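Residue strings, one per chain:
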Amino acid sequence: AGFMGFTQGGDVVKARVDLPALVERLRMTDPLLALRVSGRAGLPGAAALYAQEFKGLISQGDVNGAIRVAIESPAASLRTLDTIRHFQGFPQIPGEPSVLMVYFNKILEDGALNAVEGVELAKIVLLKQGGAKYITELVEKQKIEGSEELGDRLRPLDADLALNVYREAGCHGKAVRLLIERQMFKECLAYVKATKREAAAALPDWLDLLTELVATNAEGASEFAQLVYSDLGAAAADPRAVVALFVDRGCVKEASGYLMALLTRDDEADEELQTVLFEINLLHTAPMQVEALFGQGRYTKYDAKKIAVLCEKAGLHQRALKLYCKALMKGEGGVDDGIERTAVAAAPTAPKWLPGIVRILPSASGFGIVRALMLSSPRQNAPICTEAVLPHLGKLDVKALVGVFREAKAFAALFRILAVVVRKDGSTDADLHTAFAEAAIRSGNSEEAEAITRTSDHYDPTAVLTLLGESRLSDPWPYMNVCDKHGLWGELVSYLIATRNLRYLDLYLCERAPQNTPKAVAALFDAGADELYVSALIGKVPAFPAGELVEAARARGQLPLITGWMEKEVAGEEDVEEVVYTALGERYIAAGAAGAARKYLKEFAGKYAAADVGRHAEAAGQAELAFLAYAAGDLDRDVLRLTDPAQARAAELDTLLAEYLVRRGCQQLWADALARTPRESLVNAVVAHTLPKVRNAERLSVAVKAFTQAGLPDKLTLVLEQLVLNDPSSPFRDNRYLQNLLILTVTQTKPEQAMSYIKRMDQYDADKVASILLKKDLKEEALQLYKQASHGQAKAMQLLIGTMKDLLRAKAYAMEANSKECWLLLANAYFACGNVLAALDCLAQAQDTTLVRKACAAVAEARTPELLNGLVAYLLAVHAAEGCDTALLTYTDTELVYAMAVAQQAAELSQFISQPNLANLTQAGERCYTQGLFDAARTLFTADRNFPRLAATLIQQRQYLEALDAAQKACHISTWKQVCFACVDAGELRFAQIAAQHIVPVAVELDELCRYFERKGHIRELADLLRTGVAGEAPHIGLYTELATLYCQYDRPKVMGYLTASGKKVNRAAVMRACEENHLWDELRLLHTLNEDFDSAVTTTLDHPACAWDHAAFVSACQGATIVDLLYNAVQLYVSEHPALLDEFLCAISHRVSCDTVVAMLQREDCAALAKDWMLSVQKVNSLVVNSCINDLHIEEEDYVALKASLTTYRNFDPHYLAGHLAAHPLMEMRRIAAYLFARSCGRHQTAIDMSLRDKLYQDAVEYAHASGDTGTVNALMERFLELGLPECFAAVLYTCYDITEPDVALELAWRHKVPDLLMPYLCQVLKELWAARRPAGTKDQAEPDASDPSV
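This section reports on the structure supplied with the text. (Residues numbered from 1 in each chain as written. Predicted model: local features only at pLDDT ≥ 70, side-chain atom pairs only at ≥ 80, totals over all residues. Heavy atoms only, no water.)

The subject of this paragraph is the packing of helix α82 (residues 1245-1254) against helix α83 (residues 1258-1268). The N-to-C vectors of α82 and α83 enclose an angle of 170°; their axes lie 8 Å apart at closest approach. In terms of their interaxial angle, α82 and α83 are classed as roughly antiparallel. Within the contact between the two elements, α82 uses His1245, Ala1248, Ile1249, Ser1252 and Leu1253 and α83 uses Tyr1258, Asp1260, Ala1261, Tyr1264, Ala1265, Ala1267 and Ser1268. In the contact of α82 with α83, the residues fall into 8 nonpolar, 3 polar and 1 charged. (Axes fitted to C-alpha atoms, helices over the stretch in contact; angles between N-to-C directions. Helix = DSSP H or I, 4+ residues; strand = E, 2+ residues; numbered from the N terminus. Parallel < 35°, antiparallel > 145°, perpendicular 65-115°, else oblique. Contact = heavy atoms within 4.5 Å. Nonpolar A, V, L, I, M, F, W, Y, C, P; charged D, E, K, R; others polar.)

Here it is in structure tokens:
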């Protein structure tokens, strides 16, 4: 407070009032004025002044002054219950309103009553007529502050008005209960939604509300529960608990309706509720109702296994079976036994359901059902099980099925099943085929047994033969089929001989399987059958494997028996097996007819087994016959072995051997034959008789090679010279191979004549022969070969350059040949030896452009002026040449431009690039740039309009303004970056900022730009740049983020203000990291809050409370936090740092934390009293911990009234502990409460009576004795009273404990203590009841009037 003014001299004067000093001064002169000034100014201590003044006025009896002071007191500090009690103490003057009413009316003139005043006014007014209407008007005009107590008083009078008061006072729990009592369920939920969080913290438990409602209106409770779930969700009231509530009270129908209303969709999430729905109906309703529920098909996500067990117990076997199957398909275990049990129980209806069950179940479970049915009643269930498994054999274990049906001896059904498996499905399992045959045999089905044994290849023959032997079928065909398939010919023949059924063997071989004749004949041989029968049998069978028969006869020494048959076969049949020819040849050799044998071996060569016949002839001493046999079969080793020179008669066979060697044409055979010694006889036979007759080039070539490899060059030279040069009629004169061989042979035998032989031939292979001659160092002969060859010029040049290394002869030969290829080879040679000028001259002679790249590379290595000028001239010539492809011309022009640049031919370069060309100017410019030729590079980049590289070149020349212009034309972010960074490095910050303005709009490039400025230390310029970007058009998030990060690192005072203004525009994760690194905890907390990450905001505040704590912000963050443990840590923070705000904080988070946990924390810190108001607000949860803590506080404060109210209202506490704790309390009322607890909660009535007697609370002792119900306790108390000289208390016991008092004991005590008068009323009542119990029927009391009396 103060004022300003002007002096006469024009000066401004400012004055301030020192209010505390002014008030102190006024107290000395005018205390009333001092009071008003201090109150209006809100000075500290004003409330104490008003209270002092109020007490003074009260003591003086100045009612009006006291009322005025109370009303004007600062912050309504005197408008309390104590003030009301002071006003109530004034006596009321008749005919005038009471002082309290005057006080209330004075307040109502200009304001409204607070909660305490409103309740007191209601206590007075509601007792009078029209008082309710008056209170209603005040409430509607908002003249009374709402409170719970006011609502309680209005509730019986006007429920709607009480509801409004409850809502205004925040008593939402009572408001909700009132709505539920009036069955206004929808209005109740609407009320809860309207009040939102405020109501949620104060609402009673929904289950408690439903528990109260279901006792009186089960149907209404169901409707209310449905509304709660639909509006508030499962979190408000757990549907399982709601259902349990209904079921416990027998309201199954209502529980089912509730669940069906909840289960609007058949969803996996509702599995538990669906299970509960079926469970309660199965346990408490008829099975038909449950079937109807299943029949609706609305619910399929229940726990099938659990419901199946209940269905089975309820007798719904088919339904239980389906559910067991469903559970199994879901992968649940332990249901196989249930499936089998219910399947057997539901067997009478199996044809309807069994196929479908087997189809959907896994194989093991389907098999279990079939096994259970078959073992329970095989005859009845076999057809059913067969029809069920036939469509699903692919998924079942057929072998296990076979075992079950075999155990049940149901072979006819087993045959049907295996017929499908074996015939239709094509199974190859041996056990199944064996079982199939067994089923056919044991069921007496001969036709099927024959078909199975004939067509199947997979059964066990031993087992089937055993079954056939045991069955004694009249038809032998099944037995014959088994033996035939499995080669059991001995058993078959023995069986047919034993059963005298050999006719079936003839029939079998002739009509069904003639190919088995050899096996049957062999078995007959082994069985010693009649030879005539065997011969007749062989003649009967039309066609069979003759070879097998021959082998069987040979093995058993019976070949003579079939010789005639073999001769007929060879003479008459075209397709006769080899073994027949072989056996017949052996018979001829063995007979000793050499001529017939020689004729037979030559005539039928290749048809018999040559090795077998040859060995047979060798064994018989017939060497020539053996050679013929071996030669017929091309058996080289046997032929060489037979003609070994060491043999006695080997020379006689040399001519035959020479012919054989030429005919065979085998190189290895020749080598083996010529390797043996002595070999002269064989060599002479070959040279003299065999080779001159040869006209086959291939055979001749093989023989020549053999002579060469055998080291016979002289003999070979004679033969080749005769065939190639001397014999004009020889077909081998122009044979290239033989000419090659002759040249090579001559160089070996007559090297001095080689050149003359070469000049006489022209059909040789120059490359091949020359390479061999070069290996022998015959270079001149090789050169002559190349020169004579039609295409050997290049080879000759290569020989001169590479091998002979004679460049002079090479140049002379190139001029002689005048071939482009030769010039190119010579140019490459000059390149190789480093004579680049000579190489360029050769290229010019060749007029070739293929070596342009090589020429450029060679010049690049030396790069002398002469070479550069020569290269320019050469490339200009190539540029002017015709026929060059585009790629080569592009390369040539590019190299030409680069060569001109390096040779400092600027004028020629400018002239060339101004003309049409295909040069890659950018590539040439890059090479110039790399070598520091920046002027040339600038010229080339400018001509090519490559502005990015032009900018880079200008940077190297430190022409930054021109570089900015080039970057502008390039219009590319990388170019701007290059120019910007170069300007920063050069200290040209003005140019750098111009370039950077084109970079900052690109978010991905911003980080690199900022880091570059930071590394160079230009923080201020970077900040200006970022601020300019933020102020520009459409700034992106990166700008805001980088600016915030920059502030965090270099300008911390600006961070909070910047984040407050732009916190929602930054990348909060990045800025958070910056805040953490720079320890800006308050700013980090703000970012977490903006990010709605309240858990992190709370954590940051807890970790750094000194920097980041703000009460309002912290409370808001805690209300949004999801981690409850953080809230407990926050409570600890308030306990240690801000205890004055603890109560307010707990009220704000009460709905988020466990009351028990918080109270336990407060008790550990010994500061529970700080949160007493909060604990009182949450005591309605009736928690043991909360109740115990509040009770301890009441005891500590010696507030026995509050303690008694708490114990009466909230009974969840430990009565034994509390009673023992209060028993020794110095305050009598506390001990009285202890006695009450001992009697009512602990059952220790005698202890309670003793405590009451000690405190002389006789009425309490009497009540406790009556509550005990123990006659001994009552008797002891009566005697105690009489001993203490309290006969009136004795009488009180008689009346209070009348129903448990023993009359004889009472009479005795009264007589002993001489108080019969006190006993007499009690005794009269006892005798009256005794008479009433024993009086005869029809008698009446004297005092009872007669109902038949007319006067009555």
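And the narrative resumes.
This next bit is on helix α56 (residues 865-880). End to end, α56 covers 22 Å across 16 residues, agreeing with the expected 22 Å (1.5 Å per residue, within 8%). Of all the residues in α56, the buried ones are Leu867, Leu868, Leu871, Val872, Tyr874, Leu875 and Val878. (Expected span 1.5 Å × (residues − 1). Buried < 20%, exposed > 50% of the residue type's maximum accessible area, 1.4 Å probe, protein only.)

On to the pattern of salt bridges, then. Counted under the stated rule, the structure contains 18 salt bridges. Lys969 is paired through a salt bridge with Asp965; the nearest N and O atoms lie 3.5 Å apart. Taken together, the residues Lys969 and Asp965, both in helix α62 (residues 960-970) and 4 residues apart, mark about one turn of the helix. Here Lys969 falls in the partly exposed class, since its relative accessible area comes to 49%. Here Arg1312 ties to Glu1279 by a salt bridge, and the two come within 4.0 Å at their closest N and O atoms. Of this pair, Arg1312 sits in helix α86 (residues 1303-1312) while Glu1279 sits in helix α84 (residues 1271-1283), and the two are 33 residues apart along the sequence. Several salt bridges converge on common partners, so that one network encompasses Asp1007, Arg1011, Glu1014 and Glu1042. (Salt bridge = Lys/Arg side-chain N within 4 Å of Asp/Glu carboxyl O.)

This paragraph deals with the nonpolar core. Residues Phe405, Trp670, Cys980 and Leu1009 are the most contacted members of the largest nonpolar core, which totals 348 residues. Excluding anything up to four places from it in sequence, Phe405 contacts Val370, Met374, Ala382, Cys385, Thr386, Ala410, Ala413, Leu414 and Ile417. (Core = buried A, V, L, I, M, F, W, Y, C linked by side-chain atoms within 4.5 Å.)

Our next topic: the packing of aromatic side chains. Scanning the model with the defined rule gives 8 aromatic pairs in all. Ring geometry for Tyr929 versus Phe934: centroids 5.5 Å apart, planes at 75°, classification edge-to-face. For the ring pair Tyr1258 and Phe1281, a centre distance of 5.8 Å and an interplane angle of 85° mean the geometry is edge-to-face. Here Tyr1258 is found in helix α83, whereas its partner Phe1281 is found in helix α84, with 23 residues between them in sequence. Classification of Tyr1258 by relative accessible area gives partly exposed; the value is 23%. Classification of Phe1281 as buried rests on a relative accessible area of 0%. Among the aromatic residues, those joined into a ring-pair cluster are Trp1109, Phe1114, Tyr1134 and Phe1145. We note Arg853 situated over the ring of Tyr891; from NZ or CZ to the ring centre the distance is 4.0 Å. (Phe/Tyr/Trp six-rings, centres within 6.5 Å; stacked < 30°, edge-to-face > 60°. Lys NZ or Arg CZ within 6 Å of the ring centre and 35° of its normal.)

So, to be careful, I would describe these as geometric facts and stop short of saying anything about function.
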